[in-house]
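Residue strings, one per chain:
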Amino acid sequence: MSAAAAAGSSAFSRFLNSPVGPKTIHFWAPAMKWGLVIAGLGDLARPVDQISVRQQISLAATGLIWTRWSTIITPKNYSLATVNFFVGCTAAYQLARVALNKRDAPPAAAAETVAATA
């Protein structure tokens, strides 16, 4: 076996057996959470009046909180930090869309929007 092949299997073994490797929940939870990011990106095509502000506030808050948390826990989980950062960003973008829509809407349309959401 060549030195390069031995080094490659060693790196794979280290990854496989690491505290955040695929044998642990620390690997699979962030991998599955990318579904929230994909759903958030899919919602970019959704009309602004169909966006749930409460849901987006919740996603933005948890995304930002867990981004910080995943960098201070042991073991540091940078894949969890990355996915939570993107969850927070997609939710914040949706909230910005809602805010800009309400700001730019004529007063009559804004009253209808408030009445529809109440």
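About the cut-offs
Residues numbered from 1 in each chain as written. Predicted model: local features only at pLDDT ≥ 70, side-chain atom pairs only at ≥ 80, totals over all residues. Heavy atoms only, no water. Patch = residues over 30% accessible without salt bridge, like charges linked within 9 Å, V, L, I, M, F, W, Y side chains within 5 Å. Areas by Shrake-Rupley, 256 points an atom, 1.4 Å probe, with all protein chains shown as cover. Salt bridge = Lys/Arg side-chain N within 4 Å of Asp/Glu carboxyl O. Helix = DSSP H or I, 4+ residues; strand = E, 2+ residues; numbered from the N terminus. Expected span 1.5 Å × (residues − 1). Buried < 20%, exposed > 50% of the residue type's maximum accessible area, 1.4 Å probe, protein only. Contact = heavy atoms within 4.5 Å. Phe/Tyr/Trp six-rings, centres within 6.5 Å; stacked < 30°, edge-to-face > 60°.

Caption draft 1: Representation of a nonpolar patch on the surface. A surface patch of nonpolar side chains, about 390 Å² in accessible area, is lined by Trp-34, Ile-38, Phe-85 and Phe-86. Those elements that provide at least two residues to the nonpolar patch are helix H2 (25-42) and helix H4 (78-104). By the secondary structure assignment, Phe-85 is in helix H4.

Caption draft 2: Representation of H4 in the model. End to end, H4 covers 38 Å across 27 residues, agreeing with the expected 39 Å (1.5 Å per residue, within 8%). Within H4 the residues assigned to the buried category are Leu-80, Ala-81, Val-83, Asn-84, Val-87, Gly-88, Thr-90, Ala-91, Gln-94, Arg-97 and Val-98. Where H4 is buried, its residues touch H2 and helix H3 (53-72).

Caption draft 3: How the structure looks around the packing of aromatic side chains. A full pass over the atoms with the stated rule returns four aromatic pairs. Ring centres of Phe-15 and Phe-27 lie 6.0 Å apart, and the angle between their planes is 75 degrees; on these two criteria the pair is classed as edge-to-face. Of this pair, Phe-15 sits in helix H1 (residues 3-16) while Phe-27 is found in helix H2, placing the two residues twelve residues apart along the sequence. Taking the relative accessible area as the measure of exposure, Phe-15 reaches 39% and is therefore partly exposed. For Phe-27, a relative accessible area of 25% puts it in the partly exposed group. Put simply, the rings of Phe-15, Phe-27 and Trp-28 touch in pairs and so form one group of aromatic residues.

Caption draft 4: Spatial organisation of the environment of Val-20. Tracing the chain through its elements places Val-20 in the loop between H1 and H2. On the basis of relative accessibility, which here comes to 25%, the residue Val-20 falls in the partly exposed class. It is 8.2 Å that separates the C-alpha atoms of Val-20 and Lys-76, two residues lying 56 residues apart in sequence. Residues in contact with Val-20, not counting those within four places in the same chain, are His-26, Phe-27, Pro-75, Lys-76 and Asn-77.

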